[in-house]
Amino acid sequence: MVVRIVIALFISLVSGVGYLAGLSRLMSGLLIGFGVICGLFFGLIFLLPPGSEKITFAVSAQGVSWPFFLVALILILLIAYLYLYKPKNGHRPGFEALGNSHLRRLGFGLVLYLASLFLPVLLWFPSASTLQAGKQSELEIMALVGVLIFIVGISAALYLIYGSTTGGTEDNPALMSRIVPALFSVFHLDKLPALVAYLLVYSSVPELVFPKIAALALAGYIPVAVFLIKLAFAADQRRT
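Residues numbered from 1 in each chain as written. Predicted model: local features only at pLDDT ≥ 70, side-chain atom pairs only at ≥ 80, totals over all residues. Heavy atoms only, no water.

**Re unusual backbone geometry**
In the Ramachandran plot, His188 falls in the positive-phi region, its phi being about 55° despite a non-glycine side chain. Turning to its location among the elements, His188 is positioned in the loop between helix 8 (175–186) and helix 9 (192–201). Judged by its relative accessible area of 26%, His188 is partly exposed. (Helix = DSSP H or I, 4+ residues; strand = E, 2+ residues; numbered from the N terminus. Buried < 20%, exposed > 50% of the residue type's maximum accessible area, 1.4 Å probe, protein only.)

**Description of the packing of aromatic side chains**
Two aromatic rings are characterised by how far apart their centres lie and by the angle between their planes. This model, assessed by the stated rule, comprises ten aromatic pairs. A centroid spacing of 5.5 Å and a plane angle of 65° characterise the contact between Tyr113 and Phe184, whose relative ring orientation is edge-to-face. Pair noted here: Tyr113 is in helix 4 (residues 100–118) and Phe184 is in helix 8, with a separation of 71 residues, a long-range link. We note that Tyr113, like Phe184, is buried. Between Tyr198 and Tyr202, the aromatic rings sit 5.0 Å apart at their centres with planes inclined by 40°, giving tilted as the arrangement. Taking the ring centre of Phe34 as reference, the NZ or CZ of Lys191 above it sits at 5.3 Å. (Phe/Tyr/Trp six-rings, centres within 6.5 Å; stacked < 30°, edge-to-face > 60°. Lys NZ or Arg CZ within 6 Å of the ring centre and 35° of its normal.)

**Focus: a nonpolar patch on the surface**
Together, Val64, Trp66, Leu70, Leu73, Ile74 and Leu77 line one region of the surface with nonpolar side chains, adding up to about 540 Å² of accessible area. Relative to the helices and strands, Leu77 is located in helix 3 (residues 66–84). On the accessibility criterion, Leu77 (54% relative accessible area) is exposed. (Patch = residues over 30% accessible without salt bridge, like charges linked within 9 Å, V, L, I, M, F, W, Y side chains within 5 Å. Areas by Shrake-Rupley, 256 points an atom, 1.4 Å probe, with all protein chains shown as cover. Salt bridge = Lys/Arg side-chain N within 4 Å of Asp/Glu carboxyl O.)

**Notes on helix 8**
Between its first and last C-alpha atoms helix 8 spans 17 Å; for twelve residues at 1.5 Å apiece the expected length is 16 Å, and the two agree. Every buried residue of helix 8 is listed here: Met176, Ser177, Arg178, Val180, Pro181, Ala182, Phe184 and Ser185. In the segment just after helix 8, His188 is the residue with positive phi, at about 55°. (Expected span 1.5 Å × (residues − 1).)

**As for the nonpolar core**
Of all hydrophobic cores here, the largest spans 60 residues; its most connected members are Tyr113 and Leu218. Secondary-structure elements contributing two or more residues to this core are helix 2 (24–45), helix 3, helix 4, helix 7 (136–164), helix 8, helix 9, helix 10 (211–218) and helix 11 (221–239). With residues up to four places along the chain from it excluded, the contact list for Leu218 reads Cys38, Gly39, Phe42, Phe68, Val71, Pro193, Ala194 and Ala197. (Core = buried A, V, L, I, M, F, W, Y, C linked by side-chain atoms within 4.5 Å. Contact = heavy atoms within 4.5 Å.)

As far as function goes, none of this settles anything; it's purely spatial.
So this is what it looks like as C-alpha cells:
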C-alpha cells in the first residue's frame, strides 16, 4: 500500500512539473490518453462473462461495449488534433494582469467541479428503501439525471477555471496557464469522469449497473480534453 501511495505521489509530481516546465502538449496528451485507456478497459470488461469468479474485475451485470469504445475513439481523435493542429501565430490569447478576479474564478470553478461529483451521489446510490420501492426504469432515470448533472457541472466549472488562466505578469504572461493545469493534474481532477464511470460500472447492486450511462459519464473526459487542449494551445502561444 505504501509503495502504491509513493508511486501515485510521484506521478502527480511529475505531471505538475511537466506543466510548469512548459510541456503542455505532452502532458495534456498523456492525461487524455488515460481516458482512452479507461474507455478501452471498460469496453473490454463488458465483453467478458458477467459475474465470473475466475476474473477479479468482471462486472456483475451484462452490458454493451461499443459506447466505451466510441468514447475512446473520440479521445484518440482529440489527441491527434492536439498534436497535429498548429494555431496561427497571428492570434495571441488575451493577457490580463493577475488579480483577484482570476483567483475567484479558479476558486469557484474548483468548488463547482467537486460539487458536480458529490451532488449526484444520492441519485447514483439511492437508499435501500428507494431501491426496494423503485422500478428498474426509475433507477435508470435517476442514474442518467445524475450523470447529466455531473457533465453539465464540470463543463461549467472548466469554463470558469479556463477564465482564470488568462492572468499573468509582464515577465511571465503564461503564469496561470501553467499553474492551473499543474494543480489540475497534481490532484488528479482530470480523472473524475473515470472515477464516476468506475463507480457506476462496479456498483455493489447489479440493478444499478447501466453500461450506457456509465459510458456517458466517461464521456465527461471530452470537455476535460477540450479544456486541456485549449490550455496547451494558449500556453504555447503566450510563449511566442
